[in-house]
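Structural overview for review
What follows is the residue order along each chain.
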Amino acid sequence: MTQLWPSPAKLNLFLYITGQRANGYHELQTLFQFVDYGDSLAFVVRTDGHIVLTTPIDGVEDKDNLVARAARLLQKHTKTTLGAEISLIKRIPMGGGLGGGSSNAATVLIALNTLWQCGLTDETLAALGVTLGADVPVFVMGHAAFAEGIGEQLQPVAPPEKWYLVAHPGVHIPTPLIFGDPQLIRDTPKRPINVLLSTAWTNDCQPIAIKRFCEVEQLVSWLLEYAPSRMTGTGACVFAEFEHEQQARQVLSQIPASFSGFVAKGINVSPLHTFREELLRAAGKA
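Report on the accompanying structure. Residue positions are given per chain, counted from 1 along the sequence in the order it is written. The predicted nature of this model means local features are confined to residues of pLDDT at least 70 and side-chain atom pairs, given and counted, to a pLDDT of 80 or more, with totals for whole chains, interfaces and linings taken over all residues. Side-chain metrics rest on all non-hydrogen atoms present in the structure, leaving aside hydrogens and water.

Another aspect to go through is the packing of helix α1 (residues 66-78) against helix α3 (residues 122-129). Their axes nearest at 11 Å, the elements α1 and α3 cross at an angle of 120°. With respect to each other, α1 and α3 are oriented oblique. When the axes of α1 and α3 are compared, the crossing they make is right-handed. In this structure, α1 uses L73, L74 and H77 to contact α3, whose residues at the interface are T124, L125 and L128. Looking at the contact of α1 with α3, its residues break down into four nonpolar, two polar and no charged. Fitted lines through C-alpha atoms serve as axes, helices being fitted only where they are in contact, and the angles separating the N-to-C directions of these axes extend from 0 to 180 degrees. In this text, helices come from DSSP runs of H or I with a minimum length of four residues, and strands from runs of E with a minimum of two, each type numbered from the N-terminal end. We call two directions roughly parallel when the angle between them is under 35 degrees, roughly antiparallel when it is over 145, roughly perpendicular when it lies between 65 and 115, and oblique otherwise. It is the rotation of the near helix from the far one that decides the hand of a crossing: anticlockwise by less than a right angle makes it left-handed, clockwise makes it right-handed. Should any heavy atoms of two residues lie within 4.5 Å, those residues are counted as being in contact. Note on residue classes: Ala, Val, Leu, Ile, Met, Phe, Trp, Tyr, Cys and Pro are nonpolar, Asp, Glu, Lys and Arg are charged, and everything else, Gly too, is polar.

Written out as structure tokens, the structure reads:
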């Protein structure tokens, strides 16, 4: 039976832009937490060295596909002669700020490191992953984290594991559109994590998304009637937090037809890491 490796979505519980580097990358402070909802990937090891994607994504060239790029990056780094056939079951909406592509890349690195028996540490995989995207390391390391730098400097934290209604306004927001906006806040003062955890949380990217996409504004306004709500990442998804699952599901049942959504639990340990540990334990290698 084919094993499905989890590729969870993430939320940015807060996101502050604190500066911009000469190379264009933005300095930030953010709080990542996983949710128990996401994509799945299946792997079949090949002995011919080929990387084969059985489920290409519409509109994404193979050379730009993070799943293929992650597999080839690990191949090159380890000089393995093995390959893989990879299938992706996609549930995380693209352009939603939920980290789907980065999560997929991390799952490929973790899974193939295990299946190819490369023996690399998570720290090494995270260092490889940051070359694919700034969010890849948090998925590789597998724990909720406070992030600084461009998002790669991680400090494990344990925020409350609440229930979330995550809603999509039906628009795709390219990250460069938000980070390239001249009106984006880029000078939020840096604050220690203990201060940030004790203040109300916001997202510096949200005003730009609302300005450019009326659908995001409408979704935020609707959700705020029910619970504390804000955008994740650079959008377009917006999440509302609840203490109980039933509360979140009750609001989801009333979501306007123009929006879509799901209910998920915030979790501080990635299901990807839980799955890997169970797999190794079953094989007697944990």
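Attention shifts here to the packing of aromatic side chains. In this description, an aromatic ring pair is defined by two values, namely the gap between the centres and the angle between the planes. Here a Phe, Tyr or Trp ring, Trp counted by its six-membered ring, pairs with any other such ring whose centre lies within 6.5 Å, and the pair is stacked when the planes are under 30 degrees apart, edge-to-face when over 60, and tilted otherwise. Overall, the coordinates contain nine aromatic pairs when judged by the stated rule. Ring plane angle 90° and centroid distance 6.4 Å describe the contact between W5 and F43, whose orientation is recorded as edge-to-face. Within this pair, whereas W5 is found in strand β1 (residues 4-20), its partner F43 is found in strand β2 (residues 26-46), the two being separated by 38 residues in sequence. Both residues of the pair, W5 and F43, count as buried. Connected via pairs of aromatic rings, a cluster forms that spans F14, Y16, F146 and W201. Note that R191 overlies the ring of Y16, its terminal NZ or CZ placed 4.7 Å from the centroid. Whether a residue is buried, partly exposed or exposed follows from its accessible area with a 1.4 Å probe, protein chains only, as a fraction of its type maximum: under 20%, in between, or over 50%, in that order. Our definition puts a charge over a ring when NZ of Lys or CZ of Arg is within 6 Å of the ring centre and also within 35 degrees of the ring normal.

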